[in-house]
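Each chain, written out:
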Amino acid sequence: MHNNLAVVSTADIAPRDRLGLWGDFVCRHIGPLQADTFGDAQFEGRLELGQARDVSLARIVASRHRVQRTPQGIRKDNRNYVKLVAQVEGAGCFEQNGRKVVLAPGEWSLYDTTKPYTVSNPERIDQIIMLLPRETLARLGLDLDDLVVRRFSGRSGVGRLTYDLLVSAFESLRDGATTPGEDDLAEMIASHVELAVLDRAGTSTDASLRELTRDRVKRFVDINLDNPHLTLDRVAAAIGCSKRYLHKLFDGEDDTLNAYIWQRRLDRIRQDLADPAFTGRSITEIAFGRGFSSSTHFSRSFRESCGVSPRVYRLLMQGTSLFWHRAARRQWAKEARLLGAAE
C-alpha cells in the first residue's frame, strides 16, 4: 500500500463481495454512485486515491463496469467538483447533458459532478481522474455546460499538456515525490484546460497561446519564488514543457526567465527591507528566506539592481529624517572605500 494513497483492491475478496466493497469505497471517498458490471459474475478492480492540496487524484484499473451519478445521489452528497479523466488503456463512454463521447487511450475529457452522468466501460480500463473544484474553472469564465463530455487529444498540441500533467501529477503523488506545481495545481490544470478550449475553438493564435502560457509560468514562479531550489527544470516540469520552450516563451521580453526569477526575488527583498515588521531580521536572513543561497551573489545582484548595497538601502528606507540619511551616506562612503581598496 502506498503511504500517500488510499487503496481498494478486489484481489483477495470473494467474487460475490467485490462490487459491494468497490461501491462502498467509491461512495465514501468520491461520492454516491450506482455501479453494475453489465451482468458479469466476476469483477476485478483496483482504485488508488490521494490528495494534492485542493485536488484529488485517482487511478482506476478495472474490468468492465458502469457507474451512474443520479439525482438522488447528488442530493445525498453534492460534491462541487469537475472530474477530468485521462484514458490510459481501454475505451470509456461518458454521457452527460445529452451528449456522449467515447475516449480512446491518449484522450481526455471532463464531466460535472453536480449533474447526473453515466460512465460505461465496456472493456477493461485504466484511467487517471482528477477531482477539480468547480469554481476553479468557473472563475476563468468557461462555460461548463458546453465544456463537459468533449473529446480532447492528449497526444499532441495543447491538449497534450493537460494529459501529461494529469498523468505526471498522479505518478508523483503515488511515488511520494513533489507533485508538479503542487502549490498551485488546481489553477495550473484549469489554465491548461482553458488553453485546450481556446485551441479547440480556433480563437487563439500562437501568440495568444504563448502569452497565456507565459503568464502561467510567471504565476508559478511567483508562488514558488522563496524556494531556493526553484530552477528552470522544475518550472518546465510543472508547466509540462521543455526548457527550450521556456526560453522561447520569453523571447522578446525585457528579461530571460532566469533573470525574471532573480529580479522578482530582489523586488520582494526590497519590500522586506523597507518593512518595519522585518527590522529584527538580518539582511542575510531576509535574502535567504527569499530564495538566495549565496551572500556574495545576493549582494552583487542587489547592488547591480538598486545602485546601492542592501545595508544602505535599508538605512534609506528606515525613515525620512536627516539622521537616517546621514547614516546611509556614512555607510555608502565606507563601502565605497572598501570597494576602491579591493580594486
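Refer to the structure above for everything that follows.
Everything in this summary refers to the structure shown in the same document. (Residues numbered from 1 in each chain as written. Predicted model: local features only at pLDDT ≥ 70, side-chain atom pairs only at ≥ 80, totals over all residues. Heavy atoms only, no water.)

1. Here's the deal with the sheet that holds strand 5 (residues 65-69)
The line we're drawing: In this description, strands pair whenever DSSP reports at least two bridges between them. Only runs of H or I of at least four residues qualify as helices and only runs of E of at least two qualify as strands under DSSP, and these elements are numbered from the N terminus. Throughout, an axis means a line fitted to C-alpha atoms (over the contacting stretch in the case of helices), and angles, computed between N-to-C directions, take values from 0 to 180 degrees.
Judged by pairing direction, the sheet is antiparallel, and its five strands sit side by side in the order 2-5-10-7-8 without closing on themselves. Of all the strands in the sheet, just strand 2 (34-36) and strand 8 (99-103) have a single pairing partner and so form its edges. Pairwise comparison of adjacent strand axes, ignoring direction, gives a mean angle of 15° for this sheet. With three bridges joining them, strand 7 (residues 92-96) and strand 10 (residues 117-121) adopt antiparallel strand pairing. Across the sheet, residue C93 finds its bridge partner in strand 10, namely S120.

2. Observations regarding the side chain of T10
To be explicit about the condition: We call two residues in contact when some of their heavy atoms are within 4.5 Å.
Tracing the chain through its elements places T10 in the loop between strand 1 (6-9) and helix 1 (15-29). Leaving out residues up to four positions away in the same chain, T10 has contacts with R18, W22, F43, E44 and G45.

3. So, the pairing of strand 11 (residues 125-133)
Taken residue by residue, a regular strand's side chains alternate between the two faces of the sheet. Rule in force here: Any residue under 20% of the maximum accessible area for its type is buried, any over 50% is exposed, and the rest in between are partly exposed; the area is computed with a 1.4 Å probe on protein chains only.
Counted residue by residue, strand 11 has nine buried out of nine residues, so it is predominantly covered. Pairing of strand 6 (residues 81-89) with strand 11, which is carried by eight bridges, proceeds in the antiparallel orientation. Across the sheet, the residue bridging to E89 is D126, located in strand 11.

4. Digging into the packing of aromatic side chains
Formally: The rule is short: rings of Phe, Tyr and Trp, with Trp giving its six-membered ring, pair when the centres are within 6.5 Å, and they are stacked under 30 degrees, edge-to-face over 60, tilted in between.
For the structure on display, the rule yields nine aromatic pairs. Note on W108 and F152: the rings are 4.3 Å apart at their centroids and 15° apart in plane angle, and the pair reads as stacked. Of this pair, W108 sits in strand 9 (residues 107-112) while F152 sits in strand 12 (residues 152-153), placing them 44 residues apart in sequence. For the residue pair W108 and F152, the accessibility class agrees, reading buried in each case.

5. A short note on the environment of A274
Mapped onto the fold, A274 is located in helix 10 (residues 257-274). The partly exposed category is assigned to A274, whose relative accessible area is 31%. Separated by 41 residues in sequence, A274 and L315 place their C-alpha atoms 8.8 Å apart.

6. Notes on the pattern of salt bridges
For the record, the criterion: By convention in these notes, a salt bridge is any Lys or Arg side-chain nitrogen within 4 Å of a carboxyl oxygen on Asp or Glu.
Across all of its chains, the model carries 19 salt bridges by this definition. E48 is the partner of R46 in a salt bridge, and the nearest nitrogen-oxygen pair spans 3.8 Å. The partly exposed category is assigned to R46, whose relative accessible area is 33%. The closest approach of N and O atoms between E285 and R281, which form a salt bridge, is 3.6 Å. Take R281: its relative accessible area is 30%, and that puts it in the partly exposed class. One network of salt bridges, in which partners are shared, links D222, R264, D267 and R270.

7. Thoughts on the sheet that holds strand 11
In spatial order, the strands read 1-3-4-11-6-9-12; together these seven strands make up an open sheet with antiparallel pairing. One side of each edge strand has no neighbouring strand; the edge strands of this open sheet are strand 1 and strand 12. Relative to strand 12, strand 9 is paired through two bridges, and the arrangement is antiparallel. Counterpart to W108 in the pairing with strand 12 is F152. Those strands touched by helix 1 are strand 1, strand 3 (45-52) and strand 4 (55-62), and its axis lies near 160° from that of strand 1.

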